[in-house]
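# Observations on the three-dimensional arrangement
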Amino acid sequence: MKKIKMLVLLITIVALMSTAACSGKSNTGTTSTTSAGTTAIASTSAAPQEEYVIKVLFEGGKTVDRSDLQEAGKVIKEKFNIIFEWVPFAGNYIEYSNTLLASGEYPELMIIRGNDQVKNFIKAGALLPLDDYLKGSKYFTETYKVLIPFWRMIAPDNKLYKWETNVLRTVGVPTEVAVRSDLLEEQGWPLLRSTKDYIDFLKVAKEKHPTVDGKPSFGMVFPGADIAGIWFPRIVAFTGDTYFQVNNDHNIVYNLKTQQYENYLNQSIKESLKFFNDLHQAGILDDECFTDTYEILTQKLKTGQAFSYINSRYGGVDNKALIDSGHPEMQYISMPIQLASQVEKNEKALTVTSIFSAYESVVMTKNAKYPERIFQVLDWAASDEGQLLIQSGVEGVDYLRDENGIRYRTEEMWTNWQNPEYVLKIGTWQFKTLIGRIATSPVDGQAYGIKKVTNTDRIKEALNKYGWTETSGWFNDKNSFVYAALFDSMISIDPASETGRLGIQIKELINNEQTGLIRASSNDEFERLWTKLMNDYNKLNPKSFTDAYNAELVKVKSAIDKIK
Amino acid sequence: MVGKRSVNDLFFDISDLLLMIFTFIIMAYPFIYILSYSLSDPLKITTGLVLYPEGFSLDAYKAALGSPSIFHAIFISILRTTIGPIFMILVTAMAGYCITREDMKGVRIFRKYFVYTMYISAGLIPTFLVIKALGLVGSFWIYILPSSVSVFNMVLIKSFIESIPKSLEESAMMDGANDFYLFWRIIFPICTPVIAAVTLFGAVGQWNAFMDTQIYNTMHPELFTLQYVLYLALTTPPMDIGEEMRIFITPKAFRMAMTVLTILPILAIYPVLQKYFVGGIMIGAVKG
Amino acid sequence: MGIEDSYDVATNAHACGYIVIRKTGREIMIKTRQNIALTKNSSWTNSLYKHRFLYLMVFPAVIATIIFSYIPLFGWIIAFKNYRIGLSIWKAPWTGFYQFKRFFIQGDDLVNLLRNTLITNISSLVFSLVFACAFAILLSELRYKKLGKIVQTVSFFPFFISWVTIYTILHALFAVTSGAVSMALVDVGLLKKGINFLGDERFSWVLAVVVQVWKSLGCNSVIFLASISGIPLEQYEAAEIDGAGRCGKIYYVTLPNLMPTLIVLMIMNIGWILSSNLDLFYLLTNPTNRRTMEVLDMYIYRYGLQLNDFSYATAIDIIKTVVGLILVTSANALSRMYTGKSIL
């Protein structure tokens, strides 16, 4: 019996300890959520002096950060006595937000991925309309004047339930290829543009350098095992002036010339895939690319083992690491790429800007304790002062101005801006995602975010050879900026419907077959596989999918006309 | 005959030893990789085989242990790893014993009732609604109560008890011992090996669990466990810092250091439980 | 068995008594009741009372199971409805068996998925148990006990390493060009080009099985070690007297004693034959080995949860549950017939 007594004693002790340790804090959490619903209505009378801590679920982040420890957050704390607590989240965000919606446990402020989900929240009556607060707005209504009617469109009662961040920004930027500059130098600084140029260039480079520091070298790399990396072999199809890749599912394309959606598989896609097949046949394509995750890819770029990397805008190039490890000459610079046929026709590369960003919607829910105070922050964030602080940080700390008033990064910021600890401390990243970021709207002639980046000596040297001032210099000289009003984020096809399902099937089919195409050992085999893919694709009846998209487009356009 | 046998035995011993050494290598390698990586100078370490730290740097550990929240997470992890298995053993072992008692009315129903739950999954949302109704969302007890019944362990305990000769139980019953006493005083001590194994399962399960935190305590950082913090570090997508640059908030070395931290406790728990597994001495003694 | 049968008789008599009551009126009712109270019923309540401690002991588990496993089952209703998130479960329109039909008319997709799922799961189940059993025996037979303890502890390490990290290590070792194994083979001159373990359809099943067996070996062997500890020493002594060597003792004493554990684990695991470790397959699947790597759970994840299609996902959950229960019950019945071992 002694043993049992001991056991019981032990359990009670441990249980008491745990309740003492955890309940104190967890209680406050539960009370705040339960009281939130009731106080929501009476909130207007609440004293603004009271410190207001808002928990915000944030994809990414490793530990909890409090905004009052961050530069921009300090100002918000001072002005509004509001503190954001960034709670990290990892995993399936959509599934989790579904669970929250179904149970009513949603937080006060929530980032929502896509209009579909916002609609679900509106339907369930979980959101708070912002209309009541708009009257007192100083900046918000003005800054987002163009967008607010569109944001209202998704609500059946035409009320404003959401705002978007990262709006008015460039969505379609020309694809760039990062190329090791010492190899360019070796071959006399050639301008690489067409897919043919790349094959010739990389062939020579690979012959000269089968290894880098005793480790195998790779001609061209991309993260094929990455969720986003899988479509990179088709990316060159979108470097001309016709097609634009619209949705994240990669199963439909938008033709900018006809202003219509078109079937995904077309001649350009084929050419792009053929380019990768040519790389493979020439032994320049990284054999491991299909099993490389993004992280493994970054390792290859850090050591200079990779000669070139398609779509360097996806991130991963780390010139600082090359300098630190004693290979400053290897630093990557960006080169344009276009299909050989596009170069022949001398097509221009497009830069497409979109005004919407539905994937980054933010909503205020019925659980919000003091919605009015939240809106005050939102309103202030839409001002010049707010945007500058959110995007560029504090003057004197994060940036300085030169004699012409042009903002540039401080030395400290420049050396640290790739250091996660530092970036998290500044916190601009989180604020951008929560209370708005206007990407292209300028004040004093400059964008809110600092674009001017200091280049290293090596990069400057390389750019000089081409007569560029920036690493994507070619585009600035040759390309035309096309402002296309894209409606893709307004168009939503219910993923659970037959059409939505078809979209997934198309995506899966292409993803499955493309590897075989790239790895084809001969041109004949490539043609055979392509014909087979086209047959399978046509069997799925992709036309019906495209038609569904175009029908939605018509609807959205007519709705927009009504607004006008 | 004897000579042949001892030759066979020697051969057996040697191959046994070699196999164990081989197992040791393949089991230990990933740990060596992780440890070396976490201690390496991030600039020197690259791809491929890693056998020892290249350069030496404790930065990763400094970063991992840098924030005070990590210590709180470790505390919560230790708490659930202690309380969880105790609860689980109490509830599960008693039930495990009961379902061996053929003389108990309804024992077969009980068995089916328990075993079926192993294969039934109700889905995330209904479960969440029930947990919410119980007020367990955002509470420490979500870590303890749902896992207090482990049918898998229950069946293991049951089949272990069944392998014990019935005579022992019967003689105790003759003496007029009640079932409660019978279980805790006679059966439970004999079950030490399986209880040790099941405790280990329970402890490891509790230590490794992060799904419950992810689902029920996402918004309650004060209840984050070490494994959840590690999970966050491992799955956090690269951060978009603008100008088409993305960086890892959690560099690889940091994640490796975190992994090392989560493996260490097994070095503490296992040797304690190990003595209950080795050799068949205890049973013989009790029965004799 | 005997005791239980007599209880059944008692309950039957009890029930019959009531049937009689209704038909023949008050007098008989009282009479029958008295009879039951005097004879059968008393033994029924008696047995409840006699085992009151057992019921008390099983009670916490019963309650916990009801709350956490059975009550949430009301959610299965959404499989028969067109449920959209955010709307009330009760108000959603009925769809009958539509979701189930959809699953079965997927066509050749389904065949492929089932093939991959069954092959990888059955092999990892069998190999996991066999290797764990062998490992436990070899460990307990090891002459160097210290080494044994170290190996045993170390064997647990992989269990603690997340799949993401394991993939990084796999890549470091087995990548086709830069992997350590491939590079070594090429350097020695055995091969011209490395073996593409991670990106070749031929290796995908082996890869999935080996990695799973390796990761869970330490954990799986624990239960066998516990069973070995439970073997009475007398049996070994008796075998030694009969002239058995070390292998003989393993064959005649250890193995037969481990059989019940092995069987129980087999029966329990067979119910999960359609469930795969999603994390593992998610990481091991890449564009090159999709056809042979894609398993049922990944499909459910993609077409159900990721698309917000909860009705569909739940329908597949139900199918999986039913299949699991059928498999477990039949495996249990077979085992009871041939080995006398049963978990139900």
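## Regarding the overall build of chain A
Of regular secondary structure, chain A possesses 23 helices and 20 strands. Taking all 564 residues of chain A together, 59% fall into the buried category. Across chain A, contacts joining residues at least 24 apart in sequence account for 75% of those joining residues at least 6 apart. As displayed, chain A offers around 22400 Å² of accessible surface, 53% of which is attributable to carbon and sulfur atoms.

## A look at the overall build of chain C
Regarding its fold elements, chain C presents 17 helices and zero strands. Counting all 344 residues of chain C, 53% fall into the buried class. With the model as given, the accessible surface of chain C reaches about 16100 Å², and the carbon-plus-sulfur share is 67%.

## Observations concerning the side chain of Asp297 of chain C
Residues and elements named next belong to chain C. Locating Asp297 in the fold gives a position in helix H16 (residues 296–305). Of the residues examined, Asp297 reaches a relative accessible area of 12% and is grouped as buried. One polar contact links Asp297 to Lys320, side chain to side chain, over a distance of 2.6 Å. With residues up to four places along the chain from it excluded, the contact list for Asp297 reads Leu274, Ser275, Ser276, Leu278 and Lys320.

## With respect to the environment of Val188 of chain C
Residues and elements named next belong to chain C. Looking at the element boundaries, Val188 is found in helix H10 (residues 180–188). On the basis of relative accessibility, which here comes to 65%, the residue Val188 falls in the exposed class. Along the sequence, Val188 and Ala61 sit 127 residues apart, while their C-alpha atoms lie 60 Å from each other.

## Examining the interface of chain C and chain B
Frequently, the measure chosen for interface size is the accessible area that the parts lose on association. The interface of chain C with chain B comprises 100 residues on the first partner and 96 residues on the second. In total, chain C and chain B occlude about 9100 Å² of area from one another, counting both sides; carbon and sulfur atoms represent 75% of this. Here chain C and chain B share three salt bridges between them. Along the contact surface separating chain C from chain B lie 17 residue pairs in polar contact (both at pLDDT 80 or more). Its residues assigned to classes, the side of chain C that touches chain B comprises 66 nonpolar, 22 polar and 12 charged.

## Regarding the packing of helix H7 (residues 166–174) of chain B against helix H8 (residues 179–190) of chain B
All names here are of chain B. Taken N-terminus to C-terminus, the directions of H7 and H8 make an angle of 160°; their axes are 11 Å apart at the nearest point. Put simply, H7 runs roughly antiparallel to H8. For H7 against H8, the interelement crossing comes out right-handed. From H7, Leu168, Glu169, Ala172 and Met173 reach across to H8, where they touch Leu182, Ile186, Ile187 and Ile190. A breakdown of the residues in the contact of H7 with H8 according to their chemical character gives seven nonpolar, no polar and one charged.

## Overview of the interface of chain A and chain C
Between chain A and chain C, the contact holds 35 residues from the first and 35 residues from the second. Among the residues chain A hides against chain C, the three largest losses belong to Glu288, Thr291 and Arg501 of chain A. Together they make up 19% of the total. Between Arg291 of chain C and Glu513 of chain A there is a salt bridge, with its nearest N and O atoms 3.7 Å apart. Summed over the shared surface of chain A and chain C, the number is eight residue pairs in polar contact (both at pLDDT 80 or more). Broken down by secondary-structure element, the contributors of at least two residues to the side of chain A that touches chain C are helix H3 (93–103), helix H4 (115–123) and helix H21 (498–518) of chain A. Here the element with the most residues in the side of chain A that touches chain C is H21 of chain A; it accounts for eight residues. A per-class count over the side of chain A that touches chain C returns 14 nonpolar, 10 polar and 11 charged.

## Notes on the confidence of the model for chain C
Residues and elements named next belong to chain C. Per-residue confidence for chain C averages 81 on the pLDDT scale, and 86% of its residues sit at or above 70. Confidence scores differ between elements of chain C, with helix H1 (residues 2–24) showing the lowest mean pLDDT of 34 and helix H4 (residues 52–70) the highest of 92. Note that pLDDT drops below 50 for residues 1–40; the model gives that stretch 26 contacts with residues more than four away or on any other chain.

## As for the nonpolar core
Phe84, Phe140, Phe275, Tyr309 and Ile310 of chain A, Phe114 of chain B together with Phe224 of chain C are the most contacted members of the largest nonpolar core, which has 353 residues in total. Per-element tally for this core: the top contributor is helix H3 (residues 68–98) of chain B, with 13 residues. Apart from residues lying up to four places away in sequence, Phe84 of chain A is in contact with Ile54, Val56, Asp65, Arg66, Ser67, Ile76, Leu109, Val377, Phe431 and Leu434 of chain A.

## Here we look at the sheet that holds strand S12 (residues 252–255) of chain A
Residues and elements named next belong to chain A. With respect to topology, three strands assemble into an open sheet ordered S11-S12-S13, the strand pairing being antiparallel. Each edge of the open sheet carries a strand with a single partner, namely strand S11 (243–245) and strand S13 (260–263). Strand-to-strand twist in this sheet, taken as the mean axis angle between neighbours without regard to direction, amounts to 45°. Across four bridges, S12 lies against S13 in antiparallel orientation. Its bridge partner being in S13, Val253 is matched across the sheet by Glu262.

## Regarding the packing of aromatic side chains
Scanning all chains against the criterion turns up 55 aromatic pairs over all chains. Ring geometry for Tyr251 of chain C and Tyr252 of chain C: centres 5.1 Å apart, planes at 90°, overall edge-to-face. In this structure, Tyr251 of chain C and Tyr252 of chain C share a single accessibility class: exposed. Aromatic rings pair up to connect Tyr133, Phe140, Tyr144, Trp151 and Phe375 of chain A into one cluster. The aromatic ring of Tyr312 of chain C is capped on one face by Arg501 of chain A, whose charged end is 5.2 Å from the ring centroid. The side chain of Lys81 of chain C reaches across the aromatic face of Trp94 of chain C, ending 4.6 Å from its centre.

Basis of the calculations
- Sequence order sets the numbering: in each chain, residues are counted from 1 along the sequence as written.
- All chains are assigned letters beginning with A, and all ligands numbers beginning with 1, in the order in which they are written.
- Two thresholds apply to this predicted model, a pLDDT of at least 70 for residue-level local features and 80 or more for giving and counting side-chain atom pairs, whereas whole-chain, interface and lining totals are computed over all residues.
- Here the side-chain values reflect all heavy atoms present in the structure, with hydrogen atoms and water set aside.
- Strands are runs of DSSP state E lasting at least 2 residues, helices are runs of H or I lasting at least 4, and numbering of each runs from the N terminus.
- Each residue gets one of three labels from its accessible area relative to the maximum for its type: buried under 20%, exposed over 50%, partly exposed in between, using a 1.4 Å probe on protein chains only.
- Contact between two residues is taken to exist if any of their heavy atoms lie within 4.5 Å; hydrogens are not considered.
- Only the protein chains shown count as cover for residues, and all accessible areas are computed by the Shrake-Rupley method using a 1.4 Å probe.
- Any pair of nitrogen or oxygen atoms within 3.5 Å is treated as a polar contact; in protein, a donor-acceptor pairing is required on top of that, and neighbouring residues in sequence qualify only through side-chain atoms on both sides.
- Buried area: the sum, over both parts, of the accessible surface (1.4 Å probe) that disappears when the two are put together.
- Salt bridges are counted wherever a side-chain nitrogen of Lys or Arg sits within 4 Å of a carboxyl oxygen of Asp or Glu.
- In this count, Pro and Cys sit with the nonpolar residues alongside Ala, Val, Leu, Ile, Met, Phe, Trp and Tyr, while Asp, Glu, Lys and Arg are called charged and the others, Gly among them, polar.
- Axes here refer to lines fitted to C-alpha atoms; in helices the fit is confined to the stretch in contact. Angles between the N-to-C directions go from 0 to 180 degrees.
- We call two directions roughly parallel when the angle between them is under 35 degrees, roughly antiparallel when it is over 145, roughly perpendicular when it lies between 65 and 115, and oblique otherwise.
- Working rule for handedness: look at the near helix, and if it is turned counterclockwise from the far one by less than a right angle, call the crossing left-handed; if clockwise, right-handed.
- The pLDDT score gives, residue by residue, the confidence of the prediction method on a 0 to 100 scale.
- Here, nonpolar core means buried Ala, Val, Leu, Ile, Met, Phe, Trp, Tyr and Cys residues that are tied together by side-chain atoms lying within 4.5 Å of each other.
- Whether two strands pair depends on DSSP finding at least two bridges between them.
- Side-chain rings of Phe, Tyr and Trp (the six-membered ring for Trp) are treated as a pair once their centres are within 6.5 Å; stacked means planes under 30 degrees apart, edge-to-face means over 60, and tilted covers the remaining angles.
- Two conditions define a charge sitting above a ring: the NZ of Lys or the CZ of Arg must be within 6 Å of the ring centre, and it must be within 35 degrees of the ring normal.

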